[in-house]
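# Working through the structure, step by step
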Amino acid sequence: MAFVSFLIPCFVIGTDIAFSCQNTDDFVGASSPGDIVIGGLFAVHSEMLPPEEYPIKPVIQNCAGFEIQIFLQTLAMIHAIEMINNSTLLSGVTLGYEIYDTCAEVTKAMASALRFLAKFNSSEDVVEFKCNYSDYVPRVKAVTGASYSEVSMAVSRLLALQLIPQVSPASSAEILSDKIRFPSFFRTIPSDFHQTRAMAHLICESGWNWIGVIATDDDNGRFALESFGVQAMANNVCIAFKEMLPAYLSDNSFHTKVDHAVEKIVKETRVNVIVVFMRQFHVLKLFKKAIERNVNKIWIASDNWSAAVKISTIPNIRQLGTIVGFGFKSGDISTFQDFLRNLHEKPTDNNKFLREYIMLLSVCAHLEYHDFQMCISNQSQGDLLQNVENKHQIWRDGFLNANIESGFIHSTILAIYAIAHAIKGQCKDRNCKDPSAFTPWELLEELKKVTVIDDGKEIKFDSNGDMSTSYDVLLWKDIDGHVEITTMAEYDPEKGHFIFKDEEKKKEFLDLKKVQSTCSQHCRPGQMKKVTESPHTCCYECVYCPENHYSNQTDMDYCYRCNNKTYWAPVNSTTCYRKTIHFLAWTNWFAIFLLLLSAFGVVLVLSISVIFTKNLNTPVVKASGGLTVCYIILFSHFLIFLSTVFFIDEPTEFKCKTRQALFGISFALCISCILIKSLKILLAFSFDPKLQNFLKCVYKPIPTVVTCTGIQVIICTFWLIFRTPFVKQNFSIPRAIILECNEGSIVAFGIMLSYIAALAFICFIFAFKGRKLPENYNEAKFITFGMLIYFIAWIVFIPVYATTFGKYLPAVEIIVVLISNYGILCCTFLPKCYIIIYKQETNTKSAFLKMIYTYSSKSAGSVAVSQISLDSKSSSSRATISESCKSEKNSVNGNCHFQVPGQTLRKGKVLPKNTARTVARKRLSSI
């Protein structure tokens, strides 16, 4: 090994002179004559050596770092041209080539492009200046290359001067799709837009959102980083850090920047995924340093190095972790592999690249595989003067085949065939052996229409000059102690999804999710992200979804709001729950209790009806207004009890309209009949002539009942027509929907209740005036009590009803209806039932006559006493009465007469018994 270390610098010193560019022909790397010449630009060497002289002179310098993969691409171009020349595709027309080494340097590539622009058959390679190059015939008709986007951008602008078609098999920068700036540029690979989108999809589907990016500080790296940044943002992926490495290894700060990048990777412990947009020789330097620092991450490789064998054979590469990359879709390259097997038989006179490779083989022949590869890559371009007596002895069979990056080889062959098909289109009616048969700009137009058959599929350039082929998703796997690059999936750029050949490949893809690379822990379903002070949206806290919100996925930016009308959700919920429909159901214990009370009321009404029917001819029943009036009142009580049924169970339109109207009309009918009874009682026992005259005018039983009830019917009718009650869903309770009846118009509801209250108040006034009735028949007093109970119940009802909500709101009204109905029913009929059942001796005509006689006698006596006491305040009653009779001459047959309100007294002392009985009969008959 020490000998090799000594030998290599010796070769480097010697080669700087021998391989220097003495004339333009020395500048060509490989060439072959033909009727139509195609140019090639490939970075066979990775760097151009810096000038050693001072001051710097405009001299093209030598290059170093022989790139096996790019060398294989030049061979692929040569192989494709030989295949076309040996086929009938271009019958009679042969293709030639001139391939130049750009050394990954724009300056040297521009020098090569200038030679392409030189006039055909010009001995001095002169590029003529013209205003119109339409008839100009340059040295080449088309160009294949370059290897890197940065070089292609510069070359394409120069070739666009003469519209020479440039078809690149490797330059993927998105900006090259711009046909305004690069009108003659084509490529047989997809744009970086698709690659960066595929990377973002892979990262997103693997559950990563906190990643690092390392790129080269050149046009290709910057454009790739910009495109990836846009795609990452679209997929909610945050870039924790970006590191840019110098584009040229000769940069003095290169190693410092590599050390800084590795230090950043080690420091960011939460970043476990690194995206790398770099050239292969940059990746080699980075990975060697990362292996020294024991870095273990997931590395996502760009198409530049995703299939690089020389990187996969780095010692201890497995320690770096998992490497997933995107490579260009490969096709059938079996003929090229056969070409490589016979390469040692090819002449090297016109192929300096092949000659240099053979020389390098002799220098590095004694080394093992990886050291052998590194030895080749580390050599400077030079004149290896040692004679290789037998190259077959040092030729390594299979070495080139082992280093094939099939995606690049396939795209290179595809580029040559696309140019060949365009030439075929131009040569249909022309003699293409004549170099001036067509110009490059005509070939450019033909190239836009070319269709190439690849593996049985027709592919062509789109409007941007790109071929939308798919990507292979590559996985570097450790198999039997060494790393192999395998195809894990295929990515379709048009559909934007991954395609797996079998479940095993899909499992490999899903296993990537086991690695976490997030700034924050994943928010579980039921939580949402709360952005912290970090400028990155991927750094957040997880907070619970508030009430009536939910999240059903991980890492949700916000919680979805439930439909508050029909759904609800607790805190930290993963779904919304349908609200429970609440109403006062039949099965509710309180509803059952109220129904039992209503049923008992109905039974009580029926019982009273039976009792009154059986005792139809008794004074109590007759005094109650007769069976007809009692039946009407009892029927109205029955309807009121019945109306409570409509307040229970699920509200319907019919129930909402029926319950209040039935209750209101029934109550109005009941109060109207009781009002008539109050008027009748007051009329029967009133001793005031004026009041009696008024009551006689007012007391019209049937018209009064019809009128009072009819007004309520009109109120309810207008209510039902113009503002009818309806079923309403009440959402005031968070987790329930209350089905209730909306009264339609609170004003109408209030008018209905106010009207009943007005009737009850009038009834109360009349009943109160007649409260001092016979003790055994005090109906007016009980009516007064009934009305008081009604007023108290409904006065309490108003604030309770206004402050109550929920399914028990109807129960409030039911309770008030039952209380008021029971109060009036019991006060009106139970005293009579008690007399009929338990006081039968008082329920006779004689008993009633006696009771009324006694009441009338007391009433008349009290009236007489009141009159006498007013006239005899200071003297005895008898003298005063006698004198009064004499003075007023009111004595008839020795008896003194005086007028008492309501009747005439015949004696000054007491009324005759027959007169009291006559009054009693009149009172009874009036009742």
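Since we're looking at a predicted model, the values are computed, not measured. (Residues numbered from 1 in each chain as written. Predicted model: local features only at pLDDT ≥ 70, side-chain atom pairs only at ≥ 80, totals over all residues. Heavy atoms only, no water.)

### Digging into the packing of helix H3 (residues 68-85) against helix H12 (residues 352-364)
Direction vectors running N to C along H3 and H12 enclose 140 degrees, while the axes themselves pass 10 Å from each other. In this view, H3 runs oblique relative to H12, as classed from their interaxial angle. Both H3 and H12 take part in a crossing whose hand is left-handed. Between H3, through Ile68, Phe71 and Thr74, and H12, the contact on the second element is made entirely by Phe353, Leu354 and Tyr357. Grouping the constituent residues of the contact of H3 with H12 by class yields 5 nonpolar, 1 polar and no charged. (Axes fitted to C-alpha atoms, helices over the stretch in contact; angles between N-to-C directions. Helix = DSSP H or I, 4+ residues; strand = E, 2+ residues; numbered from the N terminus. Parallel < 35°, antiparallel > 145°, perpendicular 65-115°, else oblique. Left-handed = near helix turned anticlockwise from the far one by under 90°. Contact = heavy atoms within 4.5 Å. Nonpolar A, V, L, I, M, F, W, Y, C, P; charged D, E, K, R; others polar.)

### Quick word on the state of the cysteines
Applying the stated criterion to the full structure yields 8 disulfides. A sulfur-sulfur distance of 1.8 Å marks the disulfide that ties Cys427 to Cys432. Between Cys427 and Cys432 the disulfide shows an S-S torsion of about -110 degrees. By sign, it is left-handed. The class of Cys427 is buried, set by a relative accessible area of 16%. Since its relative accessible area comes to 2%, Cys432 is described here as buried. (Disulfide = S-S within 2.5 Å. Buried < 20%, exposed > 50% of the residue type's maximum accessible area, 1.4 Å probe, protein only.)

### Things to note about the packing of aromatic side chains
Across all of its chains, the model carries 41 aromatic pairs by this definition. Look at Tyr550 and Tyr560: their rings are 5.6 Å apart centre to centre, the planes differ by 50 degrees, and that puts the pair in the tilted class. Residue Tyr550 is located in strand S21 (residues 549-550), and its partner Tyr560 is located in strand S22 (residues 560-561); the two are separated by 10 residues in the primary sequence. A residue is classified by how much of its surface remains accessible, and Tyr550, at 18% relative accessible area, is buried. With relative accessibility at 32%, the residue Tyr560 sits in the partly exposed group. Residues Phe764 and Phe791 carry aromatic rings whose centres are separated by 6.3 Å and whose planes lie at 90 degrees to one another, so their mutual orientation is edge-to-face. With Phe764 in helix H25 (residues 746-769) and Phe791 in helix H26 (residues 779-803), this pair connects stretches of sequence that are 27 residues apart. (Phe/Tyr/Trp six-rings, centres within 6.5 Å; stacked < 30°, edge-to-face > 60°.)

### A closer look at the sheet that holds strand S27 (residues 736-742)
Taken in spatial order, the 3 strands make up an open sheet running S25-S27-S26, and their pairing is mixed. Each of the sheet's edge strands pairs with one partner strand only, and the pair in question is strand S25 (580-582) and strand S26 (726-730). Averaged over all neighbouring strand pairs, the angle between strand axes comes to 30 degrees, with direction disregarded. Note: S25 against S27, 3 bridges, orientation parallel. For Ile581, the partnering residue across the bridge sits in S27 and is Ile737. (Pairing = 2+ DSSP bridges.)

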